[in-house]
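The primary structure of each chain is shown beneath.
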Amino acid sequence: MSTSTVKVEAVVVAVSFAQDSFCVALADGREVTVPLEWFPRLRKATAEQRQGWRLIGGGIGIHWEAIDEDISVESLLATA
């Protein structure tokens, strides 16, 4: 009997913000919350600018046009 390993790629489905952190919800049910302090552009951004995110690379990254910020899911998982 052979077995195979299924690699699940972490894909973003939602982004939300608290006062000092932001949370990324992944398609596989995980949530990653990180301090805004780690991302100075997001920390300094207005609430409106923070809400102006879009998915890039099919959901493997997040882009904020207004503040020229890109964050990959891979980097969030590596630091969390």
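Note that the structure is a prediction, hence the values are computed from the model and not measured.

Asker: Help me understand the overall build of the protein in this model?
Answerer: The secondary structure content of the protein amounts to three helices and six strands. The order of α-helices and β-strands along the protein, N terminus first, is β-β-β-α-α-β-β-β-α. Taking all 80 residues of the protein together, the buried fraction comes to 32%. Contacts spanning at least 24 positions in sequence make up 35% of the contacts within the protein whose residues lie at least 6 apart. Accessible surface computed for the protein: about 5,300 Å², of which carbon and sulfur atoms make up 51%.

Asker: Even after reading the chapter, I still don't get the pattern of salt bridges, so can you show me in this structure?
Answerer: Opposite charge on two side chains permits them to pair, given that their charged atoms come into close proximity. In total, this model carries two salt bridges according to the counting rule given. Measuring nitrogen to oxygen at the nearest pair gives 2.8 Å for the salt bridge that ties Asp-28 to Arg-30. Residue Asp-28 is classed as partly exposed on the basis of its relative accessible area of 36%.

Asker: Could you clarify how one ought to interpret the packing of aromatic side chains in this entry?
Answerer: Where two aromatic rings form a pair, the distance of their centres and the angle of their planes describe that pair. Scanning the entire structure with this criterion turns up four aromatic pairs. Pairing Phe-22 with Phe-39 gives two aromatic rings, centres 5.6 Å apart and planes at 70°, and the pair type is edge-to-face. Taken as a pair, Phe-22 in strand 2 (residues 21-26) and Phe-39 in the loop between strand 3 (31-35) and helix 1 (40-44) lie far apart in primary sequence, 17 residues in all. Each member of the pair, Phe-22 together with Phe-39, is buried. Every member of this aromatic cluster is reached through a ring pair, and the members are Phe-17, Phe-22, Phe-39 and Trp-64.

Asker: Please explain the environment of Leu-76 as it appears in this structure.
Answerer: Tracing the sequence through the fold places Leu-76 in helix 3 (residues 73-79). By relative accessible area, which is 1% here, Leu-76 ends up buried. Those residues in contact with Leu-76 that lie beyond four places of it in its chain are Phe-22, Val-24, Val-32, Val-34, Phe-39 and Ile-71.

Asker: For this particular structure, what's the right way to read the sheet that holds strand 1 (residues 12-17)?
Answerer: The strands that make up a sheet pair up through hydrogen bonds in the backbone, lying either parallel or antiparallel. Ordered in space as 1-2-3, the three strands form an open sheet in which the pairing is antiparallel. Edge positions in the sheet fall to strand 1 and strand 3, since each has one partner strand and no second. Within this sheet the neighbouring strands show an average axis-to-axis angle of 20°, counted without direction. Bridge count for strand 1 against strand 2 is five bridges, and the pairing is antiparallel. Paired with Ala-14 across the strands is Ala-25, a residue of strand 2.

Asker: Looking at this structure, I do not really get the nonpolar core. What am I missing?
Answerer: The nonpolar side chains of soluble globular proteins are, as a tendency, buried together. Core analysis: the biggest nonpolar cluster contains 18 residues, and Phe-22, Leu-42, Trp-64 and Leu-76 have the highest contact counts within it. Going through the elements one at a time, strand 1, strand 2, strand 3, strand 5 (61-64) and helix 3 are the ones with two or more residues in this core. The greatest single-element share of this core, amounting to three residues, is contributed by strand 2. Sequence-distant contacts of Phe-22, defined by excluding residues within four places in its chain, comprise Val-15, Ser-16, Phe-17, Val-32, Thr-33, Val-34, Leu-36, Phe-39, Leu-42, Trp-64, Ile-71 and Leu-76.

Calculation notes
Residues numbered from 1 in each chain as written. Predicted model: local features only at pLDDT ≥ 70, side-chain atom pairs only at ≥ 80, totals over all residues. Heavy atoms only, no water. Helix = DSSP H or I, 4+ residues; strand = E, 2+ residues; numbered from the N terminus. Buried < 20%, exposed > 50% of the residue type's maximum accessible area, 1.4 Å probe, protein only. Contact = heavy atoms within 4.5 Å. Areas by Shrake-Rupley, 256 points an atom, 1.4 Å probe, with all protein chains shown as cover. Salt bridge = Lys/Arg side-chain N within 4 Å of Asp/Glu carboxyl O. Phe/Tyr/Trp six-rings, centres within 6.5 Å; stacked < 30°, edge-to-face > 60°. Pairing = 2+ DSSP bridges. Axes fitted to C-alpha atoms, helices over the stretch in contact; angles between N-to-C directions. Core = buried A, V, L, I, M, F, W, Y, C linked by side-chain atoms within 4.5 Å.

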